[in-house]
Amino acid sequence: MTAEPEPAAPAVCPNCGRAVSATDNFCEACRTELAPAVVSGDAPVTATECPFCHAEQITADGYCESCGRRVPSGRDHLELDLGPLAGVTDKGLRHARNEDAMALATAESATGPAVLAVVCDGVSSSRRPDEASLAAVQAAVRVLLAGVRADEDLAETSRAAVAAAQQALAGLDEPGLGDPPSATFVSAVMTTEAVTLCWLGDSRAYWLGSGTGSDAKQLTRDDSVAGELVAAGLVSEADAMDLPGAHVVTGWVGADSPGAPPHVATFTPPGPGVLLLCSDGLWNYQPDAAGLAGLALPGALGDPLGTAAVLVKFALEAGGADNITVVLAPFPPRALEPEEKPPNER
Amino acid sequence: MSADFTVEIAQNEYLPVGGEDVNAIVTVTSPDTGPAAPVNGRDSAEIIIIDCSGSMRSPRTKIEQARAATAAAVDVIRDGVAFAVIAGTNKAQPIFPLDYGLAIADDQTRFLAKQAVAEALPRGGTAIGQWLRLAHSMFLSHPATLRHAILLTDGRNEHETPEQLGEAISLCEGVFSCDCRGVGTDWEVGELRRISSALLGTVDIVPDPSGLAADFAAMMETAMGKQVADVSLRVWTPQHATLQFVKQVAPVVEDLTGRRTQSGPQASDYPTGAWGAGESRDYHVCVRVTPAGVGQEMLAARVSLVTATPSGPEVLGQGLVRALWTDDEALSTRINGSVAHYTGQAELAQVIQEGLEARKQGDEDTATAKLGRAVALAEQSGNEGTAKLLAKVVDVVDAASGTVRLKKKVDDADEMALDTRSTKTVRTKK
């Protein structure tokens, strides 16, 4: 952990060229955001022409008004690569759209380079779950990024990020229609010292240690019917998953959230390894931390993007019944290499 | 419109490779605004048409009970509703009001109407088309949008041709809805069904005249509960797709396929009439589409509820019928429970009508086979009402296999009750 501290943000504003500090969120002169977070699907590919029949009327719900075919959405499959961390999200094989969303960012904190990530899974029984997850990750990552850059207390920052997501979703609500937009939530801020986790619902974080021995564990505990039964010692984890309604989440962000405060936990990695954030589209097929480590290591240490794609492929081949989102960040987080371009989306 | 209709779709969206038929049950429920929010009475109009042909005199209780039933229905009409009572014979004439218009309901007009009804004398023949034509012109004398009629007859349409009746029905289609009742057993089920189907109403037998008053009051209560007029089911389908059929399947089977009006380049409208608060109906939609590749998705139909307003059509709710092609047979071979259930209920109505027709023609083998199949279908689907009606026409040897024997002696009223109520379905257990 003695790496040369290198600025994560460019020393000059890419827009106006004025000198900026590494801890600035925005250029003082022109207000350009300097190291913006990247968000899956915030710039959706808005098709104006049907790729199947070339009609030029696409409905708001994504179908061709002429031939009826579903026009692929910009969110169906997305890969985000920031270098020190990467994520892949996929709509899976059974769902019509991707209701998962993720946001990733890098920052320079007081203790050195830091990475942060948010994964949200829109609750399918709510209205507009795809918009819910996107709004939640957008709002939360902004707060996390500002907090990390300003050296705020990370547990408090994480709670504030959930509050911001909660507020964003309340803003999407159309009172009277019922089932307000809602989503699960898991965030992580990883510095060179520790990982601060915050969650509501059943999207998970895992530690996949690369040291000797079985150094892998689940870092979050689900807010779900199954999770609560397991936590109460009433059933084993394996049996709980087969119970009817096991996957019903009992915590989420949204206007009708049960209101319980989000869980916050701090984890100090015992050595090198990889932090994994994922939606249930992955862990439904491999809930076991050691099993996930077997799939992700050692590849994820050097190639988080390629390995995230491997994990997504694993879930697709296992059935792809749900949307799948996988974020991988090796520990300790490294700073951006000088040649690493500003965050891009592909 | 303050609240939306809900539209729920039950279907197996997975089709096998090359699969082209997409079936879905569409459950439409109107908003439950509760009794606190009735429509303005001024927006409703009601006409009661009672058969005053000579046959209503025998037995004498028939005209007496018809008068009492009309009075009971008049009592249920809310203040402010425009109404009238028509006497039907081989022509038609108003009983109340006498000016060929509609009266506005209040204590005074309801009293006068009942007084006029009490004096209505049965004489003459039966020309139902004439009755409908008079109701039509009286309805059009008033701007109300929720227009409903009750038609009571005891006999066949003897004094005009079926074509004349048909023309009158066409004239009234879309102008008012009509619930039809046949009293006694001398009327023709097919004739009244033709009217009630076209005019989006119900049809039933009232074998004993003493049952009329309660039935009339109940029909009028339902009519008073209607809140949204002229609702259409609008079905959009993709290019090169064909809508195989659109059927209402609950509460009764009613094939709407032939009632289609084009409403857009790829959309057609089917009339559903007026809706009360919290009313729920099921529709079976079958679309044939051009298959797409495995993993591809297509919108096979967009089903919406549309009502006409002064500012143009308003969409009250919509649901999507989807098609997804898969090579996973476990998915594509699964039959949706609702689709299977209502396919059975529609077949039940059909085999009863075919079975009764065969019985009339003296074709006992066909009658036994069809009615046996009906018994089996009623048993499987838990349609107890229809099972009971069937048991009055056939002796059931084994319900599960549909083994039956035709009864030697069947009461006319029982046979007609089975015929008129054959389309009544039960809903799937949720």
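Residues numbered from 1 in each chain as written. Chains lettered and ligands numbered in written order. Predicted model: local features only at pLDDT ≥ 70, side-chain atom pairs only at ≥ 80, totals over all residues.

Caption draft 1: Structural context of the overall build of chain B. Broken down by element type, chain B carries 11 helices and 20 strands. Taking 430 residues into account, the globule formula puts the C-alpha radius of gyration at 22 Å, and chain B, at 23 Å, falls close to it. Expressed along its principal axes, the backbone C-alpha trace of chain B runs to roughly 75 × 60 × 40 Å. In chain B, which comprises 430 residues, the proportion classed as buried is 48%. Summarising the internal contacts of chain B: among those between residues at least 6 apart in sequence, 75% fall at separations of at least 24. (Helix = DSSP H or I, 4+ residues; strand = E, 2+ residues; numbered from the N terminus. Rg over C-alpha atoms; globule rule 2.2 N^0.38 Å. Buried ≥ 20, exposed ≤ 12 C-beta atoms within 10 Å, placed from the backbone. Contact = placed C-beta atoms within 7 Å.)

Caption draft 2: Main features of the pairing of strand β14 (residues 324-331) of chain A. Residue and element names in this part refer to chain A. Most of β14 is tucked away: 8 of the 8 residues are buried. Where burial is concerned, the two faces of β14 agree: the one with Ile324, Val326, Leu328 and Pro330 and the one with Thr325, Val327, Ala329 and Phe331 are both buried. The pairing of strand β3 (residues 86-90) with β14 spans 5 bridges and is antiparallel. The residue of β14 that forms the bridge with Ala86 is Leu328. (Pairing = 2+ DSSP bridges.)

Caption draft 3: Local environment of the interface of chain A and chain B. Across the contact, 7 residues belong to chain A and 9 residues belong to chain B. Within the side of chain A that touches chain B, the residues separate by chemical class into 3 nonpolar, 2 polar and 2 charged. (Nonpolar A, V, L, I, M, F, W, Y, C, P; charged D, E, K, R; others polar.)

Caption draft 4: Fine view of the confidence of the model for chain B. Residues at a pLDDT of 70 or more form 97% of chain B, whose mean pLDDT is 93. For this predicted complex, the interface score ipTM comes out at 0.80, alongside a pTM of 0.71. (pLDDT = per-residue confidence, 0-100.)

Caption draft 5: Seen up close, the nonpolar core. By size, the foremost hydrophobic cluster in this structure holds 132 residues, and its most contacted members are B:Ile47, B:Ile49, B:Phe83, B:Ile86, B:Ala135, B:Val285 and B:Ala300. In this structure, A:Ala101, A:Val119, A:Ala188 and A:Val195 belong to the second largest nonpolar core, which totals 85 residues. (Core = buried A, V, L, I, M, F, W, Y, C linked by C-beta atoms within 7 Å.)

Caption draft 6: Region of the structure containing unusual backbone geometry. Residues and elements named next belong to chain B. The omega torsion of the bond from Phe96 to Pro97 falls at -15°, within 30 degrees of zero and hence cis. Within the chain, Leu200 stands out as a residue other than glycine whose phi angle is a positive 55°. Phi at His240 is positive, roughly 70°, even though this residue is not glycine. With respect to the secondary-structure elements, His240 resides in the loop between β11 (226-236) and β12 (242-250). For His240, a count of 13 C-beta atoms within 10 Å gives the class partly exposed.

Caption draft 7: Structural detail: the sheet that holds β12(B). Residues and elements named next belong to chain B. Strand order in the open sheet made by the 5 strands is β1-β3-β16-β12-β13, with antiparallel pairing throughout. In this open sheet, the two strands that pair with only one neighbour each are β1 (6-10) and β13 (254-255). The sheet contact formed by β1 and strand β3 (residues 21-29) spans 5 bridges and is antiparallel. Note that in β3 the partner of Ala10 across the bridge is Ile25.

Caption draft 8: Seen up close, the confidence of the model for chain A. Residues and elements named next belong to chain A. Looking at chain A as a whole, the pLDDT averages 85, with 88% of positions reaching at least 70. Ranking the elements of chain A by mean pLDDT puts strand β15 (residues 344-345) last, at 38, and strand β7 (residues 185-190) first, at 97. Counted against residues more than four places away or in other chains, residues 1-9, with its pLDDT under 50, gives 20 contacts.

Caption draft 9: Structural detail: helix α10 (residues 384-391) of chain B. All names here are of chain B. Restricting attention to buried positions, one finds in α10 the residues Thr386, Leu389 and Leu390. The buried residues of α10 occupy an angular sector of 100° when projected down its axis, which confines them to one face. For α10, the secondary structure elements touched by its buried residues are α8 (337-360), α9 (364-381), β19 (394-398) and α11 (412-421). (Arc of directions from axis to C-beta.)

Caption draft 10: Summary view of the domain arrangement of chain B. Residue and element names in this part refer to chain B. Split into domains, chain B comes out as domain 1 (6-33 + 228-334), domain 2 (41-224) and domain 3 (338-421). The C-alpha-based centres of domain 1 and domain 2 are spaced at 34 Å. Contact residues are listed per partner, giving 7 residues for domain 1 and 7 residues for domain 2. Of all the elements in the fold, those that place two or more residues in the side of domain 1 that touches domain 2 are β11 and β15 (267-276). If one sorts the elements of the side of domain 1 that touches domain 2 by residue count, β15 sits on top with 4 residues. Residue composition of the side of domain 1 that touches domain 2, grouped by class: 3 nonpolar, 2 polar and 2 charged. (Domains from an automatic or database assignment.)

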